[in-house]
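Commentary on secondary and tertiary structure
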Amino acid sequence: MLRISRHSPTHSRRTPPRTLAATAALLCLAFTCAALPHSGAAAAEPRTADDTQPTAPRTPQVPVGVTAGVAVFDRQTGTFTEQLNASATFRSASVVKLLLALDFLWNRSPAGIPDADRARLDAMLRSSQDSAANHYWSTYGGPAIADRMITRLGLVDTAPPPAGYEGYWGYTAISARDTVKIYRHILETAPADVRDFIMQRLRQSTRCASDSFDQHFGIAAAFNRPWAVKQGWSAFSAKGTCGPGSSTSARTPAGSTAPATGAAGVDLSRPALHTTGTVGTGDRSIVAVLTLHPDGTSYGKAYTDLGRLTRSLNVPGGTAPTGMWYGTWGSDVAVRNDPALGDNLLTRLPAGVEVLVGCQKKGQAVSVPPYTNDWWAYLPQYGGYVTNIYISHPDNQLPDVPLCPEQH
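Keep in mind it's a predicted model, so treat the numbers as computed, not measured.

**Things to note about the overall build of the chain**
Counting its secondary structure elements, the chain contains 10 helices and 15 strands. Within the chain, buried positions represent 55% of all 408 residues. On the chain, roughly 16,100 Å² of surface is accessible, and the fraction owed to carbon and sulfur atoms is 51%.

**Observations concerning the pairing of strand β3 (residues 79-84)**
Inspection of the sheet shows strand β2 (residues 67-74) paired to β3 by 5 bridges, in the antiparallel sense. When the bridges of β3 are listed, A71 appears paired with Q83. Between the antiparallel neighbours β2 and β3 lie 4 residues, among them G78 with a positive phi of about 70°.

**Details of the nonpolar core**
If you look at the biggest cluster of nonpolar residues, it comprises 50 residues, and the most contacted ones within it are L349 and V357. Ranked by residue count, the leading element in this core is helix α10 (residues 299-311), at 5 residues. In this view, V357 contacts G323, M324, Y326, A377, Y378, L379, P380, I391, L398 and V401; residues no more than four positions away in its chain are not counted. With 46 residues, the next largest nonpolar core counts A101, A132, L187 and L290 among its residues.

**Quick look at the side chain of K230**
Tracing the backbone through its elements, the reader meets K230 in strand β6 (residues 227-234). One buried charged residue, K230, remains without a salt bridge, the closest side chain of opposite sign being D130 at 7.5 Å. Among the polar contacts listed, one links the side chain of K230 to the side chain of S128, at a separation of 3.0 Å. With sequence-adjacent residues up to four places away left out, K230 is seen in contact with S94, V95, K97, L98, M124, L125, S128, Y183, L202, T275 and T276.

**Focus: the sheet that holds strand β8 (residues 285-292)**
In space, the 5 strands of this open sheet follow the order β3-β2-β8-β7-β6, with antiparallel pairing throughout. Looking at the sheet topology across the chains shown, the edges are occupied by β3 and β6. Direction aside, the axes of adjacent strands within the sheet are offset by 5° on average. In this sheet, β8 lies alongside β2 in antiparallel orientation, the contact comprising 8 bridges. For V72, the partnering residue across the bridge sits in β8 and is V287. Across the sheet, helix α7 (residues 176-189) touches β2, β3, β6, β7 (272-279) and β8, and the angle it forms with β8 is around 145°. Of the strands in this sheet, β2, β6, β7 and β8 touch α10, which is tilted by about 40° from β7.

**Details of the side chain of S175**
On the secondary structure map, S175 appears in strand β5 (residues 173-175). For S175, a relative accessible area of 0% translates into the label buried. Of note is the side chain of S175, whose polar atom sits 3.1 Å from the backbone nitrogen of D178. When residues no more than four places from it in sequence are discounted, the contact partners of S175 are A86, S87, A88, D157 and L290.

**A look at helix α3 (residues 97-104)**
Burial of α3 is extensive: 8 of the 8 residues sit out of reach of the surface. Every buried residue belonging to α3 is among K97, L98, L99, L100, A101, L102, D103 and F104, and all of these are buried.

**Points about helix α8 (residues 192-203)**
Taking 1.5 Å per residue as the helical rise, α8 with its 12 residues ought to reach 16 Å, and the 16 Å between its terminal C-alpha atoms agrees with that figure. For α8, every residue scored as buried is listed here: V194, F197, I198, M199, R201 and L202. Each element contacted by the buried residues of α8 is listed here: α3, α4 (115-127), α7, β6 and β7.

**Concerning the packing of α4 against helix α5 (residues 130-139)**
Helix packing geometry: the angle between the two helix axes and the distance between the axes. Taken N-terminus to C-terminus, the directions of α4 and α5 make an angle of 120°; their axes are 8 Å apart at the nearest point. When the interaxial angle is binned, α4 and α5 end up oblique. Crossing hand, α4 versus α5: left-handed. In this structure, α4 contributes D117, R120, L121 and M124 to the contact, and α5 contributes A132, A133, H135 and Y136. For the contact of α4 with α5, the per-class residue count stands at 5 nonpolar, 1 polar and 2 charged.

The rules behind these values
Residues numbered from 1 in each chain as written. Predicted model: local features only at pLDDT ≥ 70, side-chain atom pairs only at ≥ 80, totals over all residues. Heavy atoms only, no water. Helix = DSSP H or I, 4+ residues; strand = E, 2+ residues; numbered from the N terminus. Buried < 20%, exposed > 50% of the residue type's maximum accessible area, 1.4 Å probe, protein only. Areas by Shrake-Rupley, 256 points an atom, 1.4 Å probe, with all protein chains shown as cover. Pairing = 2+ DSSP bridges. Core = buried A, V, L, I, M, F, W, Y, C linked by side-chain atoms within 4.5 Å. Contact = heavy atoms within 4.5 Å. Lys, Arg positive; Asp, Glu negative; His and termini not counted. Salt bridge = Lys/Arg side-chain N within 4 Å of Asp/Glu carboxyl O. Polar contact = N/O pair within 3.5 Å; in protein donor to acceptor, adjacent residues only side chain to side chain. Axes fitted to C-alpha atoms, helices over the stretch in contact; angles between N-to-C directions. Expected span 1.5 Å × (residues − 1). Parallel < 35°, antiparallel > 145°, perpendicular 65-115°, else oblique. Left-handed = near helix turned anticlockwise from the far one by under 90°. Nonpolar A, V, L, I, M, F, W, Y, C, P; charged D, E, K, R; others polar.

Okay, structure coming up:
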């Protein structure tokens, strides 16, 4: 993501670099702990939702360096509207939690399960809690769960983790087309109470996952509700920033170094980011986008690239949110409840992520010397504001974004 200079109308001379660095270091303690932008960089072009969500089908737009498997199935017509490397296998990361839930509920009614299991399943499906997945994987047979579900659902590309890594459920191999089969089973074949139990929790996906990663990427960012999602991510070096504070390190197998490849040549080392779920009224479309990114890719960059790919897809029943997509620069950029500093932090953005700006308004002036700006961008998908200083555009006021109504 480009880091863009911000031109302040109140400051015409640049501060010497050493002074600038010292001042910024003090400011970051109270504000965002973000790196300063590079001077003289070119502004990133904003992109509207309409630009990236065409009504006519087109080839999926896969960003440079990204390896992707894509499948979009229209349940109304019974046809695929998108297929790209749909049979290619990826390590599942947390997408396998769908199989863990289905296996546990195979001969059980959700109405009769113990309260402890209800709480675990709720956290695993809504907030992608790893400790819940560890419980089901270790208690009910590990790789045998994958084997059972392969047979039950007729999955053709799915495989258990490779030998020596049987304890790591996230190394289960999966494909986009098998992911569509899993959702079709949930929606069309599973008992109604199981379907409703699982889908209700996927519709209530929390923005912040249990490990403090922002999991509302891909489907959740590209389309207005109704949607339901189960996401997956693995091997990112940064910590999660979602919520009022950051917490845990990135999702990687503890105490072990992953082999380069697993069963059937599945890549187990490159950063993985997957978005899966349903879009539209009546869960009209099933969407599966599985991606791998170059070594060292930041979470924000992968989040942005996956978002652009997802927005390029022909997804019947999906509607794009209103606004303009802009890049951001810096790390730990704060999203606030009001356009002002203070005790009003909602969350922090993944470093360098692309965001949807719905409107803008004047608020408290913010200074990151030599830059000063009193314009704030409203991010409708977060329900809060970021200072325009950290939006990748050279102007203080974004020229193509409307003013926020008074109720904002």
